Every structure is written in structure tokens, then in C-alpha cells.
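Understanding the architecture of this molecule
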Amino acid sequence: MQIIKLYIHNYKSFYDSTVEFDKMNILVGENNSGKSNLLDILEFINIAMSKDIKMAILSKGGLEKIVNKLKNLLSKS
């Protein structure tokens, strides 16, 4: 399966972004521009699709850690 377009909302350095992919992609940018965050998202998707969502959640520290990050994000808005 190939990802053609990815919508990212409220994940680390991405507030409301769309990333379009081609057959080959190169990430270039300044420090702190979101390259590693994009790779983190793609890794999560890969684990969720190739194994299962439980493994993907565990790879990010578990559901409790994800929920706490969401609560912190919501309290800032």
C-alpha cells in the first residue's frame, strides 16, 4: 500500500498540515522543521498496518501516555 496524501492535525510540530507523497520522497529542511515528526507518524502507521494498532500504541509508550499528551494539548488551547 502506498500513502498518497496524509492529513496531520495537532501532532507535535504539525498543527494542520497536508503532506503529499510520490513514489520517491526526500525530506529536506532546517532543524526543528518536522522531518523527524513526520517519520514518527509514518512509523506509527507502518506498525499499525503491518502488525496491529495495539503494537503501534505500545511503540509510543502505551495508551496512558498518549492520552496524557492529548490532555496536555487540550489544556493549552
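In what follows, the structure referred to is the one given above.
Rules used in this analysis
Note that residues are indexed from 1 along each chain, following the sequence as it is written. The predicted nature of this model means local features are confined to residues of pLDDT at least 70 and side-chain atom pairs, given and counted, to a pLDDT of 80 or more, with totals for whole chains, interfaces and linings taken over all residues. For side-chain calculations, the full set of non-hydrogen atoms in the structure is used, while hydrogens and water are omitted. Between any two strands, at least two bridges found by DSSP are needed for them to pair. Secondary structure elements follow DSSP: runs of H or I of four or more residues count as helices, runs of E of two or more count as strands, with numbering from the N terminus. We define a salt bridge as a side-chain nitrogen of Lys or Arg found within 4 Å of a carboxyl oxygen belonging to Asp or Glu.

**Details of the pairing of strand E1 (residues 5-11)**
- Alignment of E1 against strand E2 (residues 14-20), held across six bridges, turns out to be antiparallel. Within E2, the residue paired with histidine 9 across the bridge is aspartate 16.
- Connecting E1 to the antiparallel partner E2 that follows it, the hairpin turn spans two residues, and lysine 12 within it adopts a positive phi of roughly 50°.

**Overview of the pattern of salt bridges**
- Per the counting criterion, the structure on display carries four salt bridges.
- The partner of aspartate 40 in a salt bridge is lysine 60, with the nearest N and O atoms 2.5 Å apart. Highlighted residues: aspartate 40 in helix H1 (residues 35-50) and lysine 60 in the loop between helix H2 (53-59) and helix H3 (63-76), separated in sequence by 20 residues.
- Glutamate 43 serves as the salt-bridge partner of lysine 60, at 3.4 Å between the closest nitrogen and oxygen. Here lysine 60 is found in the loop between H2 and H3, whereas its partner glutamate 43 is found in helix H1, with 17 residues between them in sequence.
- Each member of the salt-bridge network shares a partner with another, and the members are Lys12, Asp40, Glu43 and Lys60.

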